[in-house]
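# Fold and contact review
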Amino acid sequence: MGVVEYKNDGLSNEMPIKNEISATEEGVMNQQHHVDLHRALKARHITMIAIGGAIGTGLIIGTGKALARGGPASILISYSVVGFIVYLVMCALGEMAAWLPLPSGFTGYAVRFVDPALGFALGWTYWFKYIILTPSQLTAGALVIQYWIKPERVNAGAWITIFLVLIVCINYFGVRFFGEFEFWLSSFKVIVILGLILVSFILMLGGGPDHDRKGFRYWKDPGAFNTYIDHENKAAGRFYAFWATMVSATFAYLGTELIGVTVGEAQNPRKTIPRAIKLTFYRIVVFYVISVLLVGTLVPFDHKELVFANKASSSAAASPFVVAIKLSGIPALPDILNACILLFVFSAANSDLYIATRTIYGLAREGKAPSLLARTDSRGVPVFALILCSLIACLAFMNVSNDSKTVFGYFVDLVTIFGLLTWVSLLVTHIFFVRARKAQQVPESDLAYKAPFGVYGSYAALFFCIIICITKSYDVFTYSPDYGNFNYKTFITAYLGIPLYLIFLLGYKYIMGTKGVNPHEADLWTGKDVIDREEAEFLARQAANEEKNANANWFYRTFVSWLF
C-alpha cells in the first residue's frame, strides 16, 4: 500500500472557528516541505505496539517486589484497580485520537482543547521522561548480559554501545521498518507472557517436577496480605503494604499511552486506534491480572529467594516467575527467560527512543522547540530530532562509572513521576474535549470512537491518579525497610517532578500570556477534512486491493483480520 503524507491545509468548510490563539499554538500543521510524517504504520503494527507497549520488566520483574511487600491478595487487587484506571485513560485518549489524529500526539490535544501552556508542560516533561528512560533501558540491557558474561570480562560500555547503535539504526530506517520490527518483537513478548502464564498454571496444579499441587495454599500460610511497615496496628500495616503495591502497579503500567504518539503515522487511524484501545482491556486482564494471580499462588511473599531477588539487578534472578520455576525444580528455564528479558529491554529502549524523537518533533511542529527538530527526510523520519535524542541517550555511559551511577539513578527517580502526570494531563484534556464537543453541539454519533464511561470515567481516573501522585512515596516520611527513617534525597527525587511540571505550566503561561481555551472556540475541526480525505482514499485503495487479491487473502480475512 502506498504511503500517505499528513498535510493540513486549513480550516474545514463545515464550521469555521474564530479563535484568538495563533495557528502555531493551535497545533496547525502548515504546508511546509520536509516536515511531514508518513502514515506507514499498518493496523497490525498499531495493534501489536499497543499490546506489547507496557509488557516489559515491570511485569516480569517488578511484580516480585510488589508481592514481597503486599502479599498475593494485595497485588491482585492493586493490579486490577490500576488496570481499570489505565483502561479509562486509554479510552479518553482513544476518543480524541479517533476524532482527530494529530502528528503532534496528545500534546496537540492539550494545546487545542485546554491551554497552550498545558501542551508545553506535557510535551517537555514527557520528552524528559523518555530521554532518561532510553539510556536507563540500555543500562538494563547491559545488566541482563552480566547474567552470563561478568563485567570483568567485557565492560558494560561495550554492550551499551552495541544496543545504542542498533536502536538508532532501526529508528533511522523509517517508521515502516520500525513498525515491522516492533510488530515481531511485541508478538514475541506476547508469546513469552502467554507461555509463562501456561507454565504457572501447570505448576499451580502440580504439573512440575516436584508434583506439588499448590493451589491457593500460600494465601493461607503465610497469608493473603503482608505487613509492609512494622506497625502496632496490623490493619494499618496491611494498608501500607497494599498501597505500596498500588504504586508498583501504576509504574508497571506506565508506557501504555505510547499509542497516542503513533497516531500521526498510523494508516486509517480512525479504525486502527479504537481497535487497539479496545484490545487494551483484554491485554490488562490476561497479561497482568492473571499473571499476578498465578505468581501469587506459586511463591510465598516471605520466601528467602523472593527477598533476594528484589535485591538483584535487572535479570532473570529478579523475576518472581524464575523463583517459582526454581521452587518447582525446572532446570535451564531461568537462562531462557533471561534471554527473553534481554529482548524485552531492547524493545523498550527502541520504542523509548522512538517516543522521545516523535515527542520533540511534535513540540517543534507547534513552535515550542527549535524548528530544525521538525525537519524530516524523504522517508518521513525527523532526523535532527533523532540525532538529538540519540546523543542524549549517551547518558547511559554514566552507569559505567560508579561515581556517576548514583547521579543517573537520581535522574531516573526524578522523571518517573512524569508518567503519572501524563495520565493526569490526558484525562484533563479529555474532560475539556467533551466540554468543547457539547458546547459546539457535536453529536456523539459523529465520533469514530466513544469512551464507554464518558467524561465520568475520566473524572474518576483523574481523582485516583492525583491521589497516587501525592502519596506514591509515602514511606519516605515514616520508617520503612527500604528507606529507614526520613530520607531527604529520596523525597527530593520522588516529588521534585511535580513542582517542575507546575513551573513549566505556569511559567509558560506567564511568559507567553496564554489563556485557557473557551469550549465554544476550541478548535475541533482544523485538519479534520484532510483526515476525512485520507481515510476515503485509504479505504478505496484497500477495497481495490482486496478485490484484486480476494482468493489469496481468504485465510487472513477469515482467521486473522478480526484481531487487527
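Residues numbered from 1 in each chain as written. Predicted model: local features only at pLDDT ≥ 70, side-chain atom pairs only at ≥ 80, totals over all residues. Heavy atoms only, no water.

## Some thoughts on the overall build of the protein
What the protein contains, in helices and strands, is 22 helices and 2 strands. The buried share of the protein, reckoned over its 564 residues, is 57%. Once local pairs closer than 6 in sequence are excluded, the contacts in the protein between residues at least 24 apart make up 82%. (Helix = DSSP H or I, 4+ residues; strand = E, 2+ residues; numbered from the N terminus. Buried < 20%, exposed > 50% of the residue type's maximum accessible area, 1.4 Å probe, protein only. Contact = heavy atoms within 4.5 Å.)

## Comments concerning the packing of helix α4 (residues 72-99) against helix α10 (residues 234-253)
At a minimum axis distance of 8 Å, the contact between α4 and α10 shows a crossing angle of 45 degrees. Classified by the angle between their axes, α4 and α10 sit oblique to one another. The handedness of the crossing between α4 and α10 comes out as right-handed. Residues Ser74, Ile75, Ile77, Ser78, Tyr79, Val81, Val82, Gly83 and Val86 of α4 touch α10, and the partners they reach there are Phe242, Thr245, Met246, Ser248, Ala249, Thr250, Ala252 and Tyr253. Residue composition of the contact of α4 with α10, grouped by class: 11 nonpolar, 6 polar and no charged. (Axes fitted to C-alpha atoms, helices over the stretch in contact; angles between N-to-C directions. Parallel < 35°, antiparallel > 145°, perpendicular 65-115°, else oblique. Left-handed = near helix turned anticlockwise from the far one by under 90°. Nonpolar A, V, L, I, M, F, W, Y, C, P; charged D, E, K, R; others polar.)

## Some words on the packing of aromatic side chains
Tallying each qualifying case throughout the model produces 29 aromatic pairs. On the numbers, 4.9 Å between centres and 65 degrees between planes, the contact of Tyr126 with Tyr130 is edge-to-face. Placement of both Tyr126 and Tyr130 in helix α6 (residues 116-145) is noted, with a separation of 4 residues, approximately one turn of the helix. Like Tyr130, Tyr126 is buried. Here Tyr172 and Phe173 contribute two aromatic rings whose centre-to-centre distance is 6.5 Å and whose plane-to-plane angle is 55 degrees, an arrangement assigned as tilted. In this structure Phe173 comes out as partly exposed when scored by relative accessible area, which is 46%. Among the aromatic residues, ring-to-ring pairing joins Phe120, Trp124, Trp127, Phe128, Phe504 and Tyr508 into one connected group. (Phe/Tyr/Trp six-rings, centres within 6.5 Å; stacked < 30°, edge-to-face > 60°.)

## Things to note about the packing of helix α7 (residues 156-172) against helix α15 (residues 333-365)
Interaxial distance between α7 and α15 falls to 9 Å at its minimum, and their mutual angle equals 50 degrees. Taken together, the axis directions place α7 and α15 in an arrangement best described as oblique. Read as a crossing pair, α7 and α15 show a hand that is right-handed. Where α7 abuts α15, its residues Phe163, Leu166, Ile167, Val168, Ile170 and Asn171 lie against Leu342, Phe346, Ala349, Asn350, Leu353 and Tyr354. When grouped by side-chain class, the residues that make up the contact of α7 with α15 number 10 nonpolar, 2 polar and no charged.

## Considering the nonpolar core
In terms of nonpolar packing, the biggest core is built from 159 residues, with Tyr79, Leu138 and Ile360 touching the most fellow members. For this core, the element with the most residues is α6, which contributes 17 residues. Among all residues touching Tyr79, those that are not within four sequence positions of it are Gly58, Gly62, Thr63, Ala66, Ser248, Ala249, Ala252, Tyr253, Tyr288, Val289 and Val292. (Core = buried A, V, L, I, M, F, W, Y, C linked by side-chain atoms within 4.5 Å.)

Nothing here speaks to function; it is all geometry.
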